Amino acid sequence: MKKFLTVLLIILMLSGTSWETASASTTVTLDGGKVVNNRTLVPLRAIFEELGTTVQWNQKDKTITAKKGQTTIWLEVGSKTTKINNKAVTIDVPAQVYNGSTLVPLRFISESFGVKTTWNAKEETAILTADDKTIIVNAGEFDSAFALDTIDIKSSPGEIYDTIGVISDGANVKVVGGVPTGYDQEDWYSYEMYGWSKIQYEGLTGWVATHNLSFQNPYNWVPGIKDNTLNQLKKEFVGKSDKFKLVEAGAFNGVGSLEFYVQYDGVGQWYRVVSINPKTGWYHG
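Remember, predicted model here, so these are calculated numbers, not experimental data.

The rules behind these values
- Residue positions are given per chain, counted from 1 along the sequence in the order it is written.
- At least 70 in pLDDT is required for a residue's local features to be given in this predicted model, at least 80 for side-chain atom pairs to be given and counted, and no such filter applies to totals for whole chains, interfaces and linings, which use all residues.
- Based on all heavy atoms of the structure, the side-chain values leave hydrogens and waters out of the count.
- Each helix corresponds to a stretch of at least 4 residues labelled H or I by DSSP, and each strand to a stretch of at least 2 residues labelled E; elements are numbered beginning at the N terminus.
- Each residue's exposure class comes from its accessible area (1.4 Å probe, protein chains only) as a fraction of the maximum for that residue type: buried when under 20%, exposed when over 50%, partly exposed otherwise.
- Here the Shrake-Rupley method, with its probe set to 1.4 Å, supplies the accessible areas, and only the displayed protein chains count as covering residues.
- Between any two strands, pairing holds if DSSP finds at least two bridges.
- Only Phe, Tyr and Trp rings take part, Trp by its six-membered ring, and two of them pair if their centres are within 6.5 Å. Stacked means planes under 30 degrees apart, edge-to-face means over 60, and tilted covers everything else.
- Geometrically, a lysine NZ or arginine CZ counts as sitting over a ring once it is within 6 Å of the ring centre and also within 35 degrees of the ring normal.
- For helices, the fitted line uses only the C-alpha atoms of the stretch in contact; every axis is such a line through C-alpha atoms, and the angle between N-to-C directions lies from 0 to 180 degrees.

Draft legend 1. Summary view of the overall build of the protein chain. If you tally the helices and strands in the protein chain, you get 4 helices and 24 strands. Out of the 285 residues in the protein chain, the part that is buried amounts to 39%. For the protein chain, the computed accessible surface area is about 16,400 Å², with 50% contributed by carbon and sulfur atoms.

Below, the structure written as structure tokens:
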């Protein structure tokens, strides 16, 4: 009987150890990914370090050497040729530096250390799965904001659409897009009637009225707004020989104003034409 209890205790201890090991898997979320020509690029150093890899940067040659166990990775910024254990490997998009980080194709991470990779197109996230860790990399552009009040999340941009969730007062959200509202010459405060931001919050993707958000950087353009707005302004106000510039002005509730100036024929005085809300594309003259 005593021997049986001893064996049972050993089994329980081993079972407990096995359970703890299995539950030790963690999930880490990183920003800094990017989609270029339908290729997903991810930050090499941040991912490799999460995988327990030693990373060395050679500033002179613009090369990176990464080591983990018996595997050594080498690559050069701007080159499609890399090396894994001195064996040449060609990648479809060269390593590049963006916002201070070296980005490489998602598939290269998989080929380097055998990490399973998947792509979530809806959330624009790359998911890398190792033995003890899941790494989620945000690859879509986004702006950071927080809720000025409790806000309903709508299924589409407009009050008439279904409510699919609620953002808590003061909660942080990612703004991943918006609806450009264009020109308005009426009452300045009529901007509150316009502007819907596409957000991601606690696994939901939906729409909220932009004036209910306060943005971390008042002058950042919300994804999808800049090109549409500037193209329209250039079409309306800028001639072939003219120049234009944007000047940061005041901000209210985390939303800045960008003053749009034009220099006619590219010489002489600069003339202010309109003020632009970079979060909605709304502009007023």
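Draft legend 2. Region of interest: the sheet that holds strand β21 (residues 243-252). A sheet is described by the order of its strands in space; here 4 strands give the open sequence β21-β22-β23-β24, paired in antiparallel fashion. With one partner strand each, in any of the chains shown, β21 and β24 (283-284) form the two edges of the open sheet. Of the pairings in the sheet, the one linking strand β22 (residues 255-263) to strand β23 (residues 271-276) comprises 5 bridges and is antiparallel in character. Bridging across to β23, Y261 finds its partner in R272.

Draft legend 3. Representation of the packing of aromatic side chains within the structure. The full count for this structure, using the stated rule, is 2 aromatic pairs. For the pair F244 and F260, a centre-to-centre distance of 5.3 Å together with 20° between the ring planes defines the contact as stacked. One end of the pair, F244, is in strand β21; the other, F260, is in strand β22, and 16 residues separate them in sequence. Of the residues examined, F244 reaches a relative accessible area of 31% and is grouped as partly exposed. On the basis of an interplanar angle of 40° and a centroid distance of 5.6 Å, the ring pair of Y264 and Y271 is categorised as tilted. The class for Y264 is partly exposed, based on a relative accessible area of 39%. Residue placement shows K245 over the ring face of Y261; its charged tip is 5.8 Å from the ring centre.

Draft legend 4. Looking closely at the sheet that holds strand β12 (residues 125-129). Read from one edge of the open sheet, 4 strands run β1-β13-β12-β11, paired in mixed fashion. The open sheet terminates on both sides in strands that have one partner only, identified here as β1 (26-30) and β11 (116-120). Adjacent strand axes in the sheet meet at a mean angle of 20° when their direction is disregarded. Of the pairings in the sheet, the one linking β12 to strand β13 (residues 133-138) comprises 5 bridges and is antiparallel in character. Paired with L128 across the two strands is I135, which belongs to β13.

Shape is all these values report; function is a separate question.
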